[in-house]
Amino acid sequence: MSAALSFPVEQRSDPRSDAERETILANPGFGKTFTDHMVLATWSSDEGWHDGKITAYGPLSLDPSAAVLHYAQEIFEGMKAYRHADGSIWTFRPEANAARFQRSARRLALPALPEDDFLASLKALVAVDQAWVPSGEAGEMSLYLRPFMFASEAFLGVRPAARVTYCVIASPAGPYFSSGLKPVSIWLSSDYVRAAPGGTGAAKCGGNYAASLAAQVEAGENGCEQVAFLDGLEHRWVEELGGMNLFFVYSDGRLVTPELTGTILEGVTRGSILELAKELGHTVEERRISIDEWRDGVASGEISEVFACGTAAVVTPLGRLAWDGGEMLIGDHSVDDGVGATTAAIRQRLLDIQYGRTEDTHGWLTRLV
Ligand code: COI
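Residues numbered from 1 in each chain as written. Predicted model: local features only at pLDDT ≥ 70, side-chain atom pairs only at ≥ 80, totals over all residues. Heavy atoms only, no water.

## Some thoughts on the overall build of the protein
Just so we agree on the cut-off: Here a strand is any run of E in DSSP of at least two residues, a helix any run of H or I of at least four, and the numbering for each starts at the N terminus. Here's how the labels work: a residue is buried when its accessible area is under 20% of the maximum for its type, exposed when over 50%, partly exposed in between, all with a 1.4 Å probe on protein chains only. In these tables, accessible area is a Shrake-Rupley quantity obtained with a 1.4 Å probe, and a residue counts as shielded only by the protein chains included in the view. The sign given to each residue is positive for Lys and Arg and negative for Asp and Glu; His and the chain ends receive no count. Charge positions come from single atoms, namely NZ of Lys, CZ of Arg, CG of Asp or CD of Glu.
When its secondary structure is counted, the protein shows eight helices and 16 strands. For the protein, the spread of C-alpha atoms along the principal axes amounts to about 60 × 50 × 35 Å. Within the protein, the fraction of its 369 residues that count as buried is 53%. Surface exposure of the protein reaches about 15300 Å², of which carbon and sulfur atoms provide 50%. Placing the 31 positive and 49 negative side-chain charges of the protein at their respective mean positions leaves the two points 2 Å apart.

## Observations concerning the domain arrangement of the protein
Basically, it comes down to this: Reported domain spans reflect what an automatic or database domain assignment gives. Here a residue-residue contact requires only that any non-hydrogen atoms of the pair lie within 4.5 Å. For any pair of parts, buried area is found by adding up, for both, the accessible area (1.4 Å probe) each one loses once the two are put together. Salt bridge, as used here: a side-chain nitrogen of Lys or Arg that lies within 4 Å of a carboxyl oxygen of Asp or Glu. Identification of polar contacts relies on pairs of N or O atoms within 3.5 Å, with a donor-acceptor requirement for protein atoms, meaning one able to donate a hydrogen and the other able to accept it, and with residues adjacent in sequence counted only if both atoms are side-chain atoms.
Considered domain by domain, the protein is made up of domain 1 (18–173) and domain 2 (184–354). Using only C-alpha atoms to locate each centre, domain 1 and domain 2 end up separated by 27 Å. The interface of domain 1 with domain 2 comprises 21 residues on the first partner and 23 residues on the second. Interface area, domain 1 with domain 2, both sides summed: about 1800 Å², of which 56% is carbon and sulfur. When residues of domain 1 are sorted by the area they lose upon contact with domain 2, Phe-76, Phe-92 and Arg-100 head the list and together hold 31% of the total. Taken together, the links from domain 1 to domain 2 amount to two salt bridges. Two residues, Glu-140 and Arg-347, come together in a salt bridge whose shortest N-O distance is 2.2 Å. For the interface between domain 1 and domain 2, the tally reads 14 residue pairs in polar contact (both at pLDDT 80 or more).

## Re the packing of aromatic side chains
Note the threshold: Classification of ring pairs rests on two measures: the distance between centres of Phe, Tyr or Trp rings, Trp counted by its six-membered ring, which must be within 6.5 Å, and the angle between planes, read as stacked under 30 degrees, edge-to-face over 60 and tilted in between.
For the coordinates displayed, the defined rule picks out 13 aromatic pairs. Summarising the aromatic geometry, the rings of Trp-49 and Tyr-166 are spaced 6.3 Å apart at their centres and angled 80 degrees between planes, so their arrangement reads as edge-to-face. Remark: Tyr-166 occurs in strand 7 (residues 163–173) and Trp-49 occurs in strand 2 (residues 48–56); sequence separation between them is 117 residues. Neither residue differs from the other here; Trp-49 and Tyr-166 are each classed as buried. On the numbers, 5.1 Å between centres and 75 degrees between planes, the contact of Tyr-82 with Tyr-355 is edge-to-face.

## A closer look at helix 5 (residues 206–221)
Just so we agree on the cut-off: A helix is expected to span 1.5 Å for every residue after the first. To get the bend at a residue, fit one axis to the 7 residues ending there and another to the 7 starting there, then take the angle between the axes.
For helix 5, which comprises 16 residues, the first-to-last C-alpha distance of 23 Å matches the rise-based estimate of 22 Å (1.5 Å per residue) to within 8%. Where helix 5 bends most, the angle comes to about 35 degrees, and this point is Leu-213. If you follow the buried residues of helix 5, they end up packed against strand 3 (74–76), strand 8 (184–188) and strand 9 (226–228).

## Observations regarding the site of the ligand
Where we set the bar: The near set for a molecule or strand comprises every residue that places at least one heavy atom within 4 Å of it. Any residue outside Ala, Val, Leu, Ile, Met, Phe, Trp, Tyr, Cys, Pro, Asp, Glu, Lys and Arg is labelled polar, Gly included; the first ten of those are nonpolar and the last four are charged.
Surveying the vicinity of the ligand reveals the residues Phe-76, Gly-78, Tyr-144, Arg-146, Tyr-176, Lys-204, Tyr-209, Gly-243, Gly-310, Thr-311 and Ala-312. A distance of 2.8 Å is found between an oxygen atom of the ligand and a backbone nitrogen or oxygen belonging to Ala-312. Along the lines of polarity and charge, the residues of the shell around the ligand split into five nonpolar, four polar and two charged. Both domain 1 (18–173) and domain 2 (184–354) contribute no fewer than three residues apiece to the shell around the ligand.

## Observations regarding the pairing of strand 1 (residues 37–44)
To keep things clear, this is the line we draw: At least two DSSP bridges between two strands are required for those strands to pair.
Within strand 1, eight of the eight residues are buried, which leaves the element mostly enclosed by the surrounding structure. The alternating pattern of strand 1 places His-37, Val-39, Ala-41 and Trp-43 on one face and Met-38, Leu-40, Thr-42 and Ser-44 on the opposite face, and all of these are buried. Where strand 1 lies against strand 2, seven bridges are found, and the strand directions are antiparallel. Bridge pairing in strand 2 places Trp-43 opposite Trp-49. Adjacent in sequence and paired antiparallel, strand 1 and strand 2 are bridged by three residues.

## Focus: the packing of helix 3 (residues 94–107) against helix 4 (residues 115–128)
Worth spelling out the cut-off: Note on geometry: axes are lines fitted to C-alpha atoms, helical ones only across the stretch in contact, with angles between N-to-C directions running from 0 to 180 degrees. The cut-offs work like this: below 35 degrees is roughly parallel, past 145 is roughly antiparallel, 65 to 115 is roughly perpendicular, and the gaps in between are oblique. By definition, turning the near helix anticlockwise from the far helix through less than a right angle yields a left-handed crossing, and turning it clockwise yields a right-handed one.
The interhelical angle for the contact between helix 3 and helix 4, taken along N-to-C directions, is 125 degrees, at an axis separation of 9 Å. Classified by the angle between their axes, helix 3 and helix 4 sit oblique to one another. As for how helix 3 packs across helix 4, the hand of that crossing is right-handed. For the pair helix 3 and helix 4, the contacting residues are Pro-94, Glu-95, Asn-97, Ala-98, Ala-99, Phe-101 and Gln-102 in the first and Glu-115, Phe-118 and Leu-119 in the second.

## Observations regarding the side chain of Asp-36
Checked against the element boundaries, Asp-36 lands in the loop between helix 1 (18–26) and strand 1. For Asp-36, the side chain forms a polar contact with the side chain of Arg-16, separated by 2.9 Å. Contact partners of Asp-36, with chain neighbours within four places excluded, come to Arg-12, Pro-15, Arg-16, Thr-55, Ala-56, Tyr-57, Asp-129 and Trp-132.

## Some remarks on the pattern of salt bridges
Under the definition given, this model contains 22 salt bridges. A salt bridge links Asp-18 to Arg-21, with the nearest nitrogen and oxygen atoms 3.3 Å apart. Of the two residues, Asp-18 and Arg-21 both sit in helix 1, three residues apart, roughly one turn of that helix. Put simply, Glu-327 and Arg-320 hold a salt bridge, and the shortest N to O gap is 2.4 Å. Given the relative accessible area of 22%, Arg-320 is considered partly exposed.

Written out as structure tokens, the structure is:
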């Protein structure tokens, strides 16, 4: 599909001052503050994609009957822009996000955005807001990019919208978890499932995340930070955390991650780790893993580390698994920070590539500025 859009810049008349921006960049947290501009484009059934632009970041005007507000016809992506030591700005495997955005669009009956337009929109936004990309040297800082698309047609009938809005916002980001790199505790949900076969589990759509929130509340009520979901048919097979994929490290060096069955998200970080782990000498397996295998493996020591991964949280170790009626500690608690050696090595390798500290032998980086 060839490119359909251009993104002329409407410069904001009241950008934040250098001092205001530097204050935000000094301690951005995650997803709390946004840059001066955003991308907008419109699709309609009669005109196709049109009216691409970079404009001032600000509230969108939406008719109360806009279909997304009623039927959740919406998809999104999560990416990061990384500043390298020489000042250049890069992103990681954007073609994979662009392709997934198209797959998600197909599942949610939204129009496909050509890959070239997806990438051009990111380049245009980061070029105009490049001062908002934090220095990568100070910890895990980046500019988090959030492309999304939603049904903006004012119509209450249930059918694919004839008018759709594409938008990209950008948010300076530190670590996803405010506690920094520390093992997180996981609640195993037995009442709730995130996705079922034939559903939208493999699409990156807001509805999947909405469906995970009650389970997330339950996790909090049980003293846990995140929730793990099992499959919707047998309630036996480990799927994902809702916002992150899972990896199990075996004491013999194997790495196992749940296979893609259509009900879990095909994470770009997940796919990258499968390749990096092999290069680091691990055998990798994509297959079903049952909750019994998880619990028995941790109990026997056969599973030595478990970690979650995603663009936002990179690689995050799991430290405790709790469920209705029990709990267990995971991993090596003799190490100071609770981050196992394999988890730490994979995390480091990935970050070194993203921040340009090691050679990008896979061609995973695309220069934005
Ligand atoms: C990401 O890792 O980018 C995600 O999309 C997870 C979450 C912040 C929704």
